[in-house]
Amino acid sequence: MKKKVLSTLLTAALAASLLAGCGETAAPAADTASSDAGAATEEAAPADTSSDAGSGEAYHFEIIVKSYQSSYWQAAVKGIEAEAEAKGVTVNCTGPNAESDIADQVNMLNSAINNAPDGIGLAACDQSACLDALQAAMDAGIPVVCFDSGCPDAPAGSVVSTVATDNYSAGATAAENLYPALKDKLGNGQVRVGEINQEATSESIINRGLGFIDKFAELAKADGYTVAVIGNEKYVNDTKAETVAEADADIVIEVGVPAQTTVELCATEAAAIMNKADTIGMFGSNQVAAEGILTANENLSVLGDKILAAGFDAGSVIKAAIKDGTLFGAVTQSPLAMGITTIDVLCDAADGKSVSDVPTDGYWYNADNMDADDIAPNLYD
Amino acid sequence: MNSKELGKKSILTKLGGQKFIVLLVVIVLFAFFAVASPDFRKYTTVLSILDYSYYIVLMAIGVTFPLITAGVDLSIGTGLICYSLAGGYLVVQCGWPVGLGMLVSVLFGIAIGALNGVLISIMELPPFLATLCTCMITRGLGSICSKSFGISWPAASAPGGWFRSIFKVTLGNTKYPLGFLWILLIVAAMAFVLNHTRIGRYTIAIGSNKEAAVLSGINVKFYHIMAYVISGFFAGLASIAYSAVFATVQPGTGAGFELEAIGGAIIGGVSATGGAGSIEGALIGVFVICLLKTGLPFVGLQANWQQIITGLVLIGAVLVDIIKKRREAK
C-alpha cells in the first residue's frame, strides 16, 4: 500500500515537471515575441499568402518541431507563437529532445492527430517515418503543413503545403561563396574539401549537403577540374555531380556523418578531415555541424588561413567565429519568418482556401554584412 | 581484488587482472589507429581525445559507486547537461561570477544524487527505475533552467573564460592538457576512498552481500545514499568539464552520455552484478570507448560502426567478468 501511494506521488511529480517544462518554454518566447514580431512580419511579407487575418474562428493547431536542441527552433517557435497570437488562434508546440529521436516524434504526431486540431504544423525529423501518421491525419480530415523539412513521399493530399527554405539552393549558396575564395589553392595537386552533416535522414540536411556538393563540383568542372565524392554512402550515392575515382580527382569532397547528432561526434568527424594535409575547405550544414568544426579547430587551429570553413545557421558561437575570422561565412535561413508563414498557411487551409508550397530563402553572411539591416534580424543567438 | 580467493594466482591476476587486459587493449587500439592513420599520431589528436574524455571519466568515477552496490545511475548524462545549463544560465544571463556558477552545477549534482539515494535506499525503488525517473526529470529541468535556450559559457578569451584553462592551458603556442593531471589526482584520491575508507569499504560490502552488511551493523541506508551522492557529485564535476570543453550546451541532449560512462566502468572491471570494481579500471575502460570514438573516423569507418564495436567490446568485458566468477565458484 505504502509503495503504491509513493509511486503514485512520484508519477504525479514527474507529470507535473513535464507539464511545467512545456509551460516554461512558451513564456520567454511570448515575452520577446512582441519586440521581434514587427520586423519579422515585414520579413515574411513577400511569402504571406493570407488575405484576411483572423477569420473569426478560434482555430487550434498542433505544431511539432524537430527538437528544442538549437536556437534555430526556438526562433521558429517564437515566430509561430507571435503569429498565432496576432491571428487569435491557439497553438500547442511540442518536439522531441533531439533531432535523432525519430520514434518520439512519430508518437507526438500520432497524439497530435488524436487531439483532432484544425491543422498540424510538422517539421519532420525523418522524411519517411511519418508517412503512416500522415495518412491517418488525412483520413481524419486534418490538414498538415510541413515546415523546415518536407515529406516528399507523403500520401497525395495529406500535406497541403510545405513551408521550407529551399535547402538545396541554400547549400549551393555556401558553395557559390566558398569556391571563389578557394580558387587560388586549386590546380597544384589534389585538394580536399570536407563536409559535415549531422545526419543522413532528414530532407533538409540531405538537400543542403547535396546542394553544396553539386554546386561545388559544377563550379570546379567549369574551371576544368575533376571531382570525387567520398565518405557517407547516402551523399556519395545521391549526388548529381559528375564524379571520377578518388585517385584521379583534382578535388576530393569528403562527407562525414556522426553516429549521433552531438557537437562532440561532429567535432571528431571534422577533426579526421581537417587533420589531412590536403584539406583546404570545410562546410558544416547546420548549427551543430558548424559548431563541431569550430570545436575541432580549438585544438587544431587550422581555420582561417590553411582551411576556409563555411557554416550554416547562426547562434552566438558561430556569429563570434565569423566576426573574428575563424569562419569564412555562413548561410542563414529565416526561422522567424518560416514560423509566421506556417501559421498563415495553416489558417488558410483551415478556412478551406487552397494553399501551395512556400519556399523561403537562405542568405550568405560574413563579417562584412552580418550587421546589415536585411541580414541581422535573421541571426538569432 | 579477488586474488585472495583464487587458489592459484595467474600472472594476469598478479598484474591486476582485467585492468591489465584493458590497459593492453588501450595500448593496442592506440597503436592500431596510429599505424592506420598518420593524422591520428598528431599531438592535437591526443589533445582532443583527452578533451572529450574528461566528462566521461568523471561520470565513470562517480557511477562506479552505485554500480558496486549492484545499482546503477542513469541520471548522470541528462543531469550533467542540466547542471551545466543551470550554472551557465546564472553566469551568462544573470551575471553571476563563473566560480559561483560552477559551484551551483556541483551542488545541483549533489542534490539530484541525494534524491536518487533517498528514492533507492529509503523508499526502496529499484535503482534502474528511480534513476530513469530522475533522468527524465533532469532533462526537463535543464530546459526549464535555461528557458530552453542553448547556453554558451564564457569563451576562453572573454571575461570569466579563465575556467576553461582548468582543463587546458596555453603556454606560448602549445596547449597542454592540464585536465589530465587533475583526473589522475582524482582517480588516485577516489581509489583510496574506495579501498581504504569506511565509505568505500561499506559500498563494496553492500554490493557483495547486503543482508550480511545489515547484520554486521553497517548503517546500510546511509551508505547506500552516499553512493548516489558521490555519483551526483561527480556528475556535477563532469558538467564543469563539459562546459569548459564545449562551446555550447544544448538543452535536451545528454541522454546516452551515461551509457558511455557505465560502459567504460564495466569494461574497466566493475562487476556487472556489484560487489567489485576499481576506479583506475573505470579510467582505463573509458579510454577504450574514447579511443574507439575518436579513432574509427580517422581510419575512415562510418560512425555507426563505432557503436557496434563499442557494444561488442562491452559484451567481451562482461563475459570476462562472468567467466572469472564461474572459475571462482568452482
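Up top is the structure.
Residues numbered from 1 in each chain as written. Chains lettered and ligands numbered in written order. Predicted model: local features only at pLDDT ≥ 70, side-chain atom pairs only at ≥ 80, totals over all residues. Heavy atoms only, no water.

Visitor: Teacher, can you tell me more about the sheet that holds strand β4 (residues 144–147) of chain A here?
Guide: Note on sheets: strands pair through backbone hydrogen bonds, and any given pair is parallel or antiparallel. Residues and elements named next belong to chain A. Taken in spatial order, the 6 strands make up an open sheet running β2-β1-β3-β4-β5-β12, and their pairing is parallel. Each end of this open sheet is capped by a strand with a single partner; those strands are β2 (90–94) and β12 (358–360). For this sheet, the mean inter-axis angle between neighbouring strands, taken without regard to orientation, is 15°. Relative to strand β3 (residues 119–122), strand β1 (residues 60–64) is paired through 4 bridges, and the arrangement is parallel. The residue of β3 that forms the bridge with I63 is G121. Where helix α2 (residues 71–87) meets the sheet, it contacts β1, β2 and β4, and its direction lies at approximately 165° from that of β2. (Pairing = 2+ DSSP bridges. Helix = DSSP H or I, 4+ residues; strand = E, 2+ residues; numbered from the N terminus. Axes fitted to C-alpha atoms, helices over the stretch in contact; angles between N-to-C directions. Contact = heavy atoms within 4.5 Å.)

Visitor: Explain the pattern of salt bridges to me, please; I cannot follow it from the model alone.
Guide: One side chain can pair with another of opposite charge once the charged atoms of both are near each other. Residues and elements named next belong to chain A. In total, this model carries 16 salt bridges over all chains according to the counting rule given. Note that D278 is salt-bridged to R192, the shortest N-O span being 3.0 Å. Taken together, the residues span a long stretch of sequence, with D278 in the loop between α8 (263–274) and β9 (279–284) and R192 in strand β6 (residues 191–196) at a distance of 86 residues. Residue D278 shares its accessibility class with R192, and that shared class is buried. Bridged by salt links that share partners, the residues R192, E254, K276 and D278 form one connected network. (Salt bridge = Lys/Arg side-chain N within 4 Å of Asp/Glu carboxyl O. Buried < 20%, exposed > 50% of the residue type's maximum accessible area, 1.4 Å probe, protein only.)

Visitor: Explanation requested: empty space enclosed by the protein in the structure shown.
Guide: Unoccupied space between atoms shows up once a probe the size of one water molecule is rolled over them. Residues and elements named next belong to chain A. Under the defined criterion, the tally for this structure stands at 5 cavities of 30 Å³ or more. Reported here for the largest cavity is a volume of approximately 110 Å³. Every residue lining the largest cavity is counted, 15 residues in all, and those nearest its centre are Y72, W73, E99, N286 and D313. Broken down by element, the lining of the largest cavity gets its largest block of residues, 3 residues, from helix α6 (residues 203–222). Grouping the amino acids of the lining of the largest cavity by side-chain chemistry returns 4 nonpolar, 6 polar and 5 charged. Two domains each put at least three residues into the lining of the largest cavity: domain 1 (2–165 + 337–360) and domain 2 (168–332). The calculated volume of the second largest cavity comes to roughly 70 Å³. A class-by-class count of the residues in the lining of the second largest cavity yields 4 nonpolar, 6 polar and no charged. (1 Å grid on protein atoms, 1.4 Å probe; cavity = no way out; pocket = protein on both sides within 12 Å on 5 of 7 lines; lining within 4 Å. Points joined across faces, edges and corners; volume = space filled by probe spheres on them. Nonpolar A, V, L, I, M, F, W, Y, C, P; charged D, E, K, R; others polar. Domains from an automatic or database assignment.)

Visitor: Teacher, can you tell me more about the packing of aromatic side chains here?
Guide: Using the criterion set out here, one finds 24 aromatic pairs over all chains in the structure. On the numbers, 5.5 Å between centres and 20° between planes, the contact of Y52 of chain B with F246 of chain B is stacked. Taken as a pair, Y52 of chain B in helix α3 (residues 43–68) and F246 of chain B in the loop between α10 (220–245) and α11 (257–267) lie far apart in primary sequence, 194 residues in all. Each ring, one from F180 of chain B and one from F287 of chain B, has its centre 6.1 Å from the other, and the planes form 90°; the classification is edge-to-face. With a gap of 107 residues between them, F180 of chain B in helix α7 (residues 178–196) and F287 of chain B in helix α12 (residues 279–298) connect regions that are remote in the sequence. According to the relative accessible area criterion, F180 of chain B is partly exposed, its value standing at 27%. Cluster of aromatic residues (ring-pair linked, three or more members): Y179, F212, F216, F283 and F312 of chain A. Positioned above the aromatic ring of F312 of chain A, the side-chain terminus of R208 of chain A is 4.0 Å from the ring centre. (Phe/Tyr/Trp six-rings, centres within 6.5 Å; stacked < 30°, edge-to-face > 60°. Lys NZ or Arg CZ within 6 Å of the ring centre and 35° of its normal.)

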